Each structure stands twice: as C-alpha cells, then as structure tokens.
Amino acid sequence: MNEKTMDMTKGSIMPKLIRFALPVLLGMLFQRIYNFADVYIVGKFLGDDALAAVSIAGSGMYLLQSVMMGLTTGVYGAKEEQKVTETFVTSIYVAAGSALLITIIGVIGAKPLLCALQTSDDLMQDAGVYLVTIFAGSIGTMLYNWISAVLRSLGNSVVPLTFLVISSALNIVLDILFIAGIPM
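Right, let's walk through the structure included here. (Residues numbered from 1 in each chain as written. Predicted model: local features only at pLDDT ≥ 70, side-chain atom pairs only at ≥ 80, totals over all residues. Heavy atoms only, no water.)

## Side note on a nonpolar patch on the surface
And then number 1: Side chains of Leu 170, Leu 174, Leu 177, Phe 178 and Ile 182 sit close together on the surface and give an oily, nonpolar patch of about 410 Å² of accessible area.
And then number 2: Among the structural elements, Leu 174 can be located in helix 6 (residues 158–181).
And then number 3: Judged by its relative accessible area of 34%, Leu 174 falls in the partly exposed class. (Patch = residues over 30% accessible without salt bridge, like charges linked within 9 Å, V, L, I, M, F, W, Y side chains within 5 Å. Areas by Shrake-Rupley, 256 points an atom, 1.4 Å probe, with all protein chains shown as cover. Salt bridge = Lys/Arg side-chain N within 4 Å of Asp/Glu carboxyl O. Helix = DSSP H or I, 4+ residues; strand = E, 2+ residues; numbered from the N terminus. Buried < 20%, exposed > 50% of the residue type's maximum accessible area, 1.4 Å probe, protein only.)

Written out as structure tokens, the structure is:
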C-alpha cells in the first residue's frame, strides 16, 4: 500500500478512522462549495433574479449529489479478490445505468421538481436552465462519485479530496469567466 491508502483492518482503528474520515468530510464541504460559489458569483454579477434561480435549483443539485453518493457507496475492498472484482464490475454497471437514468429523469423532471419547490413563474425559466444543465452533467458527477468510492474502498480518501479541491477551484474560475467575462 502506498502512503495515501491505509489498511483499516490492522492496528488501532481510531487514528485510522480519523485520518480516513477527515478528507471525506472536507470533500463533502468542497462539494457544497460548488453551489455556494455559483450563488455568490451569480448574485454579484447577474442580480437578484438569477441569484434566486440558482439558489432554488441548488436544492435539486443537492438531491442529485446525495443520490449519486448513495448509489456509489457500496463499492468495497474486502481483500477477497473475486468478490472485489465482482463488486467493482457490478458498480460500473450501477453507476453508468444510474447516471443515464438520473440524466433522463432529471432533464424531464426539472420543471416538475421546481414546481414542487414552489418556484415562482418569473424564476422558473432561469432555474430550469440551470437545473437541466446540472442534470445533463450527471455522468461527470457520477463518474467522480464512483471513482471516489472505489478509491475509498481501497483505503484512499485523499485523492478524491484532491480532485474536489481542484474541481472547486476550476468551477470558481470558470464561473467568473462565463458569468462576469462572457455574460451567460
């Protein structure tokens, strides 16, 4: 095992659990930073209506992330090579099928979801465009969550955190570029 992975089956569990869980918790924080950054930048550069639309759609985005995290959590590494291989292959199918299903349901169901959230008519269009865009990118989100689950099952919670830190920074830079620089 390299220095970023750990064998959770040997030695004292508490220090390992803390060392493993801290990057996972920080990763969850960085996943929330996506919406916080979107809300802040949109509010600063596009105004109150755009801010309200992104804020409302953020609930749908959180739902999407939660479902995807839940669907990919079952990947594990029990040191039983045959079971690990079977679980790994099955998890690929579950992740791909779920991403496709979530994309279709999300794109079709964005407006009903926004209606259920009691989105006002004047915000419906912008919130819908934002939410459909988020759901259309489900495959990328699922791919990240699946790879993260695989790495965590192998005892590596640092690399998924690194990806999230980089992607959060990239999200902020691209938000500023596309919202302030190229008003979209």
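## A word on the nonpolar core
A general feature of soluble globular proteins is that nonpolar side chains tend to end up buried together.
And then number 1: Residues Leu 64, Ile 102, Tyr 130, Leu 131 and Met 142 are the most contacted members of the largest nonpolar core, which totals 25 residues.
And then number 2: Only helix 1 (13–46), helix 2 (48–72), helix 3 (81–116), helix 4 (121–136) and helix 5 (138–153) provide two or more residues apiece to this core.
And then number 3: In terms of residues, this core owes the most to one element, helix 2, which gives seven residues. (Core = buried A, V, L, I, M, F, W, Y, C linked by side-chain atoms within 4.5 Å.)

## Observations regarding helix 1
And then number 1: Compared with the 50 Å implied by 1.5 Å per residue over 34 residues, the 49 Å span of helix 1 between its first and last C-alpha is a close match.
And then number 2: Maximal helix bending in helix 1 amounts to about 25 degrees, located at Ile 33.
And then number 3: Listed in full, the buried residues belonging to helix 1 are Lys 16, Phe 20, Pro 23, Val 24, Gly 27, Gln 31, Asn 35, Ala 37, Asp 38, Val 39, Ile 41 and Val 42.
And then number 4: Positive phi appears at Gly 47, one or two residues downstream of helix 1, with a value of about 100 degrees. (Expected span 1.5 Å × (residues − 1). Bend = angle between axes of the 7 residues up to and from the residue.)

## A word on the packing of helix 3 against helix 5
If you want to describe how two helices pack, look at the angle between their axes and the distance between the axes.
And then number 1: Interaxial distance between helix 3 and helix 5 falls to 9 Å at its minimum, and their mutual angle equals 155 degrees. Overall, the two elements helix 3 and helix 5 adopt an arrangement that is roughly antiparallel. The crossing of helix 3 and helix 5 is right-handed. Residues Phe 88, Ser 91, Ile 92, Ala 95, Ser 98, Ala 99, Ile 102 and Thr 103 of helix 3 touch helix 5, and the partners they reach there are Ser 138, Ile 139, Met 142, Trp 146 and Val 150.
And then number 2: Here the residues of the contact of helix 3 with helix 5 are counted per class, giving nine nonpolar, four polar and no charged. (Axes fitted to C-alpha atoms, helices over the stretch in contact; angles between N-to-C directions. Parallel < 35°, antiparallel > 145°, perpendicular 65-115°, else oblique. Left-handed = near helix turned anticlockwise from the far one by under 90°. Contact = heavy atoms within 4.5 Å. Nonpolar A, V, L, I, M, F, W, Y, C, P; charged D, E, K, R; others polar.)

## Thoughts on unusual backbone geometry
And then number 1: A positive phi is found at Gln 118, a non-glycine position, where the angle reads about 60 degrees.
And then number 2: Note on placement: Gln 118 falls in the loop between helix 3 and helix 4.
And then number 3: Since its relative accessible area comes to 71%, Gln 118 is described here as exposed.

## Overview of the packing of helix 5 against helix 6
And then number 1: Look at helix 5 against helix 6: their axes get within 8 Å of each other, and the N-to-C directions meet at 150 degrees. If you check the angle between helix 5 and helix 6, you find them roughly antiparallel. Residue-level contacts link Tyr 144, Ser 148, Leu 151 and Arg 152 of helix 5 to Val 159, Pro 160, Phe 163 and Leu 164 of helix 6.
And then number 2: Class assignment of the residues belonging to the contact of helix 5 with helix 6 gives a composition of six nonpolar, one polar and one charged.

## Points about helix 5
And then number 1: Taking 1.5 Å of rise per residue, the 16 residues of helix 5 would be expected to cover 22 Å, and the 22 Å separating its terminal C-alpha atoms lies within 8% of that figure.
And then number 2: Every buried residue belonging to helix 5 is among Ser 138, Met 142, Tyr 144, Asn 145, Trp 146, Ser 148, Ala 149, Val 150 and Ser 153, and all of these are buried.

## Some points on a negative patch on the surface
And then number 1: On the surface, Asp 48, Asp 49, Asp 121, Asp 122 and Asp 126 cluster together into a negatively charged patch.
And then number 2: Listing elements by their share of the negative patch, those giving two or more residues are helix 2 and helix 4.
And then number 3: Element by element, the count of residues in the negative patch is highest for helix 4, at three residues.
And then number 4: Mapping Asp 121 onto the fold places it in helix 4. (Lys, Arg positive; Asp, Glu negative; His and termini not counted. Charge placed at Lys NZ, Arg CZ, Asp CG, Glu CD.)

So far we have only geometry, and geometry alone does not tell us how the molecule works.
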